Amino acid sequence: MSAQEPRDVPSRRRAGTIIGAALLVLILVLSLMTTLLTPDPEPEPPQPTPQPTAGQLGAYPQFGEQDVFDVDLTGAPVHSNSEAMIRNLRSQIEPHYGGIAGLNTTQYNPVLYVVDGSTPRVDVEFDDCQQKGHTPPGLMDGKKQFLDVPIPESAKTSVGTDSTITLWSPSTDQLWEFWVMKQTGGGGWSACWGGRIDQVSQSPGYFEAPYGVSASGLVTTGSMITIEEARAGRIDHAMGMALIAPAQWDRFWYPAQRSDGTDASSDAIPEGARLRLDPSVDVESLDMTPLGKAIARAAQKHGFVVVDTAGAVAVMAESGQPWKQQTGTDPWEEILGGVPHYKQLENFPWDRVQVIGQDYGKPG
């Protein structure tokens, strides 16, 4: 018997191996069945984005599905009279200010304040600075757009004779704009014009005519280059542009709702017109500042939209006043990198700009 024991050892090992393998297979099968039979855990519900609160910096209104500032012009058709209209544009740029279009970061640009339920509400007086001789309807009656307005106690209007302000209330989904707005003493305010949009998040981004600050009726903050965009070097919407002489007031294109233009010539550019930098331009090869190149890239996709009349051809950027009030520093000083705002668009290729077909992007 002892002589046969060595032959039994391999048999026991084989048996142990077979049993171990069987147990391993069983464990794997049970594990697979457990995985298949166990229901998937319920997905975590998405967390709502915190709503901006009064005084928050870097928060901006979002418009609805028909947002007129979110239109891709990459493949848009060029207007048949584009070349003549661009010659008209260049005639407004080249003889003035060293032939450089302005970038309004310090004056004549939108001042945006976020407000909420904690913001004091006041009735804005109507200042008849245009000598209408009466209080226009809709300001104090009807929609009462000048009444019960949330205005921060520390609010400041834009620098310049326009003296504008934009107040956005995410909690009530409303937005107010006022033009030639002044403090009247005792915490009161007056304004020469303006308006209110209800349900901003469903709005296309313009006021019902004849309200609003810009002559075109477009929301000024919708087309401004924001401080956050300028910092990031990426602008994902149409940029507001003012001209010295847009087409006569009775000729304007969508998305403009009205106009204050004066040029009756056929080559004048109407308010509401969209201008695109030729997509074939190699922006990175341009001798421009980083912000200038960011504006050029945005001009190739979303373009400029003519929003108003001004003393110079200029592109609109967000005012740094509310930021300076909170931080003590105007953020544009760092963003501009030592190059004055009036030289940021130096060497912009205006000769390669195209006017897009009339009313491009209009629903229907």
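Scroll up for the structure.
Residues numbered from 1 in each chain as written. Predicted model: local features only at pLDDT ≥ 70, side-chain atom pairs only at ≥ 80, totals over all residues. Heavy atoms only, no water.

Digging into the overall build of the chain
Selection criterion: Segments assigned H or I by DSSP are reported as helices when at least four residues long, segments assigned E as strands when at least two residues long, and all are numbered from the N terminus. When checking whether two residues touch, look at their non-hydrogen atoms; a contact exists if any pair is within 4.5 Å. Accessible areas in this description were obtained via Shrake-Rupley with a 1.4 Å probe; residue shielding takes into account the shown protein chains only.
Counting its regular elements, the chain contains seven helices and 15 strands. Taking the intrachain contacts of the chain between residues at least 6 apart in sequence as the baseline, contacts between residues at least 24 apart amount to 73%. Summed over its atoms, the accessible surface of the chain is roughly 18300 Å², and 52% of this surface lies on carbon and sulfur atoms.

Focus: the sheet that holds strand β6 (residues 165–169)
Think of a sheet as strands paired side by side through backbone hydrogen bonds, with each pair either parallel or antiparallel. Under the convention used in this document: Strand pairing is assigned whenever DSSP identifies at least 2 bridges connecting the two strands. To obtain an axis, a line is fitted to C-alpha atoms, over the contacting stretch when the element is a helix, and the angle between two such axes runs from 0 to 180 degrees between their N-to-C directions.
With mixed pairing, four strands are arranged side by side in an open sheet as β2-β6-β7-β10. Both outer strands of the open sheet, β2 (112–114) and β10 (193–198), are each paired with one neighbouring strand and no more. Adjacent strand axes in the sheet meet at a mean angle of 15 degrees, parallel and antiparallel pairs treated alike. Strand direction decides the pairing type here: strand β7 (residues 174–179) and β10, joined by six bridges, are antiparallel. For Gln-174, the partnering residue across the bridge sits in β10 and is Asp-198.

A word on the state of the cysteines
Just so we agree on the cut-off: Only a pair of cysteine sulfur atoms within 2.5 Å qualifies as a disulfide here. When a residue's accessible area, from a 1.4 Å probe over protein chains only, is under 20% of the maximum for its type it is buried; when over 50% it is exposed; and in between it is partly exposed.
Under the definition given, this model contains one disulfide. Between the sulfur of Cys-129 and that of Cys-192 lies a disulfide, 2.0 Å long from S to S. Torsion about the S-S bond of the Cys-129 and Cys-192 cystine: about -90 degrees, corresponding to left-handed handedness. Pair noted here: Cys-129 is in the loop between β4 (124–126) and β5 (149–150) and Cys-192 is in the loop between β9 (188–191) and β10, with a separation of 63 residues, a long-range link. The exposure class assigned to Cys-192 is buried, which follows from its relative accessible area of 1%.

Description of the layout of surface pockets
Filter applied, for reference: The distinction between a cavity and a pocket rests on a 1 Å grid over the protein atoms alone: a 1.4 Å probe fits inside a cavity but cannot get out, while a pocket stays open yet meets protein on both sides within 12 Å along at least five of seven lines, and a residue with an atom within 4 Å of a point counts as lining. Grid points are joined across faces, edges and corners, and a volume is the space filled by probe spheres set on the points. In the scheme used here, Gly and all other residues not listed as nonpolar or charged are polar, with Ala, Val, Leu, Ile, Met, Phe, Trp, Tyr, Cys and Pro taken as nonpolar and Asp, Glu, Lys and Arg as charged.
Approximately 890 Å³ is the volume attributed to the largest pocket. Surrounding the largest pocket, 42 residues form its lining, Asn-104, Tyr-108, Asp-162, Thr-309 and Ala-310 being those nearest its centre. Elements represented by at least two residues in the lining of the largest pocket include exactly β1 (102–104), α3 (220–223), β13 (304–309) and β14 (314–316). Residue composition of the lining of the largest pocket, grouped by class: 21 nonpolar, 16 polar and five charged. Lining the second largest pocket are 14 residues, with Pro-61, Gln-62, Gly-222, Glu-229 and His-237 positioned closest to its centre.

A closer look at empty space enclosed by the protein
For the structure shown, the criterion picks out one cavity of 30 Å³ or more. Estimated volume of the largest cavity: approximately 30 Å³. Forming the boundary of the largest cavity are Gln-92, Ile-93, His-96, Tyr-97, Ile-100, Ala-101, Ala-312 and Val-313. Across the lining of the largest cavity, the residue classes break down as six nonpolar, two polar and no charged.

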